[in-house]
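Listed here are the chains, written in short residue letters.
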Amino acid sequence: MAESATHVRPPRRAARRGARPLLRAAALRLAASVLVFWGAVTASFGALQAVPGSTVDALLGNNDASLEVRAQIIREYGLDRPLLEQYLTYLGHALTGDLGRSYQLNQPVTQAIGASLGSSLRLTASGMALGLAAATVLALLTAHRRRWVRAVSSGVELLGVSLPVFWVGILLLTLFSFRLGWFPAVGGDGAAGLVLPAVALAIPVTAVLTQVMREGLERALEQPFVLTARARGMTDAGVRLRHALRHALLPVVTLVGWLFGVLLGGMVVTERVFGRPGVGRLVVEAVVAKDLPVVLGVVVCSAALYIAVNIALDLCYPVIDPRLRGAS
Amino acid sequence: MTAPTAAVPALRTAGRRRAAWRPGLWAAGLFLGLVVLAALAPGLLASGAPDAANALAVLRPPSSAHPFGTDANGRDVLTRVIYGVRPSLLAGVGATLLALLSGSALGLLAGLGGRIADAVVMRAVDIVLSLPSLLLALLFLVVTGPGTLPSVLAIALYTMPIYARLVRVQSSVVGRSGYVEAAVSLGLSRTRIVLRHVLPNAFAPLVVLATIEVGAALVAASSLSYLGFGPKPPAPEWGAMLAAGQEYFAVAWWMAVFPGLAISTTVLSITAVGRALQRRSEGRRA
């Protein structure tokens, strides 16, 4: 603790990393991901134990059951086992993809999630694609531009960050569905029904990504290699697209965790606003009905998805940043 | 953060950005003043009671008598929006304060408490940060049941790690600085050093972060009550009003649009002021 700040330590860490920093980073990330998954499952199990009222009552709902039925349920669900054993069983089941049965829907949780996954994936994928495309275009157009362009752009970004997704959704519905009648107001799983929810979801994504990408672009545009490119007679658009954009993409990749949360949270709210079927609606209905296995299932699934996305990203790094390619 | 070395264009843009936002900042500050006034004394700004129903004026569009229109029970939407400031603002500020205090304690523990405490706290922080925040809040609400206090606690639970991270970094930076070394060699006690020397110096960026996060917490709280997990229906809360307004959407757009406008303008103002604070504190450090 008393180590002085001026005392420069030898760069031990850099040396220890050795020749394969990428592989090492990927392994570390994988270990962290496993930890996250374990954390999600354990938190879920903890919630299961903490919820007031017994699991049997939750399973039975409002039905009065005889003692024999109760005993049978207790045996079937293993509720008479020691807590540690229940926990290990739960963990084992989660690892093998078995998330238990829903209290309310009378079907396995995985089946319930699977049934509503398609609609949610379409929504989040189009929301993210739209947000990423809009942010790229906006950042390319506004980086190092005139004062008023930047002022307008950062004002719009501030607006995009601050507006709650559900209010944006309601405004879009009021204007484009009820006033103009361009898009269906409720339901509509087709392409026309997807436009407004995707736009509502894309707005916060665009706002934050534009800021990050513009900052990255501006930093890249100040680098000597940009001067070199310009000296070779390259056009401004060429410099931005061919040289600077890659550098602006790298910080975006580090935001994926944040992006994941925004998309998932936005999805829950957006599905409510637009009356779309999906995982968000499933989870909200499960919370209302205290259908814990479904809520837990969604939490565990999203943790697994988060891990998968992170691993895919680790594989993408060398594509975005060729400097990492030689190392692996 | 890091000052660019070839700084001529960067310096110019920094100067520009600061100049560009002044009028907006004033408007934001003014609006926030109004919001705080409405939270403290809603009776000063609104004429009637928030749940005074009038069966003769149901679903009236905005007019001079009812600037924001009336809802399905004939209640004045403007009055309800004004009375809705207090629960919404309390939820945002309360969740942030709670997260700030508990997060700072964890961060101090991690930054100054040795390697094991650091590892345990930071891994826990990693786990919470990598789970989607709204899902975490919903999981918490299944266990506790809906309500204002559970929502605030749920939001505090998942925002806490941000502060823990920041305080950890700050405290380990400050902990290595010359004046803490001096305090140690003077023989001051550990608690005294942490409370009197480390914490105050780690504080400025924390306040800036918390200011911005109040807006996010406010949106989160109103999202939860929009989904139906906030205060019980007759209470004038913005998210709940919005959800109620959505049922009458096709005939009475004002019921949902104005509470949403209130949320958005408040959050926008908070974010604008928070960012101005951020620029100031970063500028001073550079």
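If you check an unreviewed UniProt entry, chain B appears there as Putative D,D-dipeptide transport system permease protein DdpC from Actinomadura macrotermitis. Checking UniProt for chain B, the heading Sequence similarities (unreviewed entry) contains the comment "Belongs to the binding-protein-dependent transport system permease family." UniProt's Subcellular location (unreviewed entry) comment on chain B is quoted here verbatim: "Cell membrane".

Named according to an unreviewed UniProt entry, chain A is ABC transmembrane type-1 domain-containing protein originating from Actinomadura macrotermitis. In its Subcellular location (unreviewed entry) section, the UniProt entry covering chain A states "Cell membrane". Looking at the Sequence similarities (unreviewed entry) heading of the UniProt record, one finds this comment for chain A: "Belongs to the binding-protein-dependent transport system permease family."

Caption draft 1: Up close: the overall build of chain A. A count of helices and strands for chain A gives 14 helices and zero strands. Seen in sequence order, chain A has helices and strands lined up from the N terminus as α-α-α-α-α-α-α-α-α-α-α-α-α-α. When burial is assessed residue by residue, chain A has 34% of its 328 residues classed as buried. When contacts within chain A are restricted to residue pairs at least 6 apart in sequence, those whose partners lie at least 24 apart make up 73%.

Caption draft 2: Layout of the overall build of chain B. Secondary structure assignment for chain B yields 12 helices and zero strands. Written out in order from the N terminus, the α and β elements of chain B read α-α-α-α-α-α-α-α-α-α-α-α. Along the first, second and third principal axes, the C-alpha atoms of chain B reach 75 × 50 × 30 Å. Scored against the burial criterion, the 286 residues of chain B give a buried share of 46%.

Caption draft 3: Quick peek at the UniProt feature "transmembrane region" (unreviewed entry) in chain B. All names here are of chain B. The UniProt record marks residues 25-45, 89-112, 124-143, 149-167, 202-228 and 248-277 with the feature "transmembrane region" (unreviewed entry), using the residue numbering of this structure. Helix makes up 100% of residues 89-112 and strand 0%. Its end C-alpha atoms lie 34 Å apart. Annotated as 80% helix and 0% strand, the span residues 248-277 places its first and last C-alpha atoms 40 Å apart.

Caption draft 4: Main features of the UniProt feature "transmembrane region" (unreviewed entry) in chain A. Residues and elements named next belong to chain A. Sequence positions flagged by UniProt for "transmembrane region" (unreviewed entry) are, in local numbering, residues 21-41, 123-143, 155-178, 190-209, 248-274 and 294-320. In residues 123-143, the share of helix is 95% and the share of strand is 0%. The end C-alpha atoms are 30 Å apart. Within residues 155-178, the helical portion is 92% and the strand portion 0%, while the C-alpha atoms at the span's ends are 28 Å from each other.

Caption draft 5: Looking closely at the UniProt feature "domain: ABC transmembrane type-1" (unreviewed entry) in chain B. The positions UniProt marks with the feature "domain: ABC transmembrane type-1" (unreviewed entry) are residues 85-274 of chain B. Measuring from the first to the last C-alpha atom of residues 85-274 of chain B gives 19 Å, for a span that is 84% helix and 0% strand.

Caption draft 6: Looking closely at the domain arrangement of chain A. All names here are of chain A. For chain A, the assigned domains are domain 1 (28-107) and domain 2 (113-324). The straight-line distance from the C-alpha centre of domain 1 to that of domain 2 is 34 Å. Counting residues at the interface gives 19 residues for domain 1 and 17 residues for domain 2. Counting residues per element, the side of domain 1 that touches domain 2 draws most heavily on helix 2 (residues 21-50), which supplies 10 residues. Partitioned by chemical class, the residues of the side of domain 1 that touches domain 2 number 12 nonpolar, five polar and two charged.

Caption draft 7: Highlighting the environment of Thr228(A). Residue and element names in this part refer to chain A. Following the sequence through the fold, Thr 228 ends up in helix 10 (residues 224-231). Under the C-beta neighbour-count criterion, Thr 228 is labelled exposed, with 12 such atoms within 10 Å. In the structure, Thr 228 is positioned 139 residues away from Thr 89 in sequence and 62 Å away in space, judged by C-alpha atoms.

Caption draft 8: Region of the structure containing the interface of chain A and chain B. Tallying the contact residues gives 49 residues for chain A and 49 residues for chain B. Those elements that place two or more of their residues in the side of chain A that touches chain B are helix 2, helix 7 (147-162), helix 8 (165-179), helix 12 (256-274), helix 13 (279-288) and helix 14 (292-320) of chain A. Top contributing element to the side of chain A that touches chain B by residue count: helix 12 of chain A, with eight residues. Here the side of chain A that touches chain B is built from residues that sort into 36 nonpolar, eight polar and five charged.

Caption draft 9: Highlighting the packing of helix 12 of chain A against helix 14 of chain A. All names here are of chain A. As a packed pair, helix 12 and helix 14 sit with axes 11 Å apart at the nearest point and diverge in direction by 145 degrees. Handedness of the crossing formed by helix 12 with helix 14: right-handed. Taking contact as the criterion, the partners of Val 256, Phe 260 and Leu 264 in helix 12 are, on helix 14, Ser 302, Tyr 306, Val 309 and Leu 313. Of the residues assigned to the contact of helix 12 with helix 14, the class counts are six nonpolar, one polar and no charged.

Rules behind the numbers
- Residues numbered from 1 in each chain as written.
- Chains lettered and ligands numbered in written order.
- Predicted model: local features only at pLDDT ≥ 70, side-chain atom pairs only at ≥ 80, totals over all residues.
- UniProt positions renumbered as here; feature names shortened; annotations may be inferred.
- Helix = DSSP H or I, 4+ residues; strand = E, 2+ residues; numbered from the N terminus.
- Buried ≥ 20, exposed ≤ 12 C-beta atoms within 10 Å, placed from the backbone.
- Contact = placed C-beta atoms within 7 Å.
- Domains from an automatic or database assignment.
- Nonpolar A, V, L, I, M, F, W, Y, C, P; charged D, E, K, R; others polar.
- Axes fitted to C-alpha atoms, helices over the stretch in contact; angles between N-to-C directions.
- Left-handed = near helix turned anticlockwise from the far one by under 90°.

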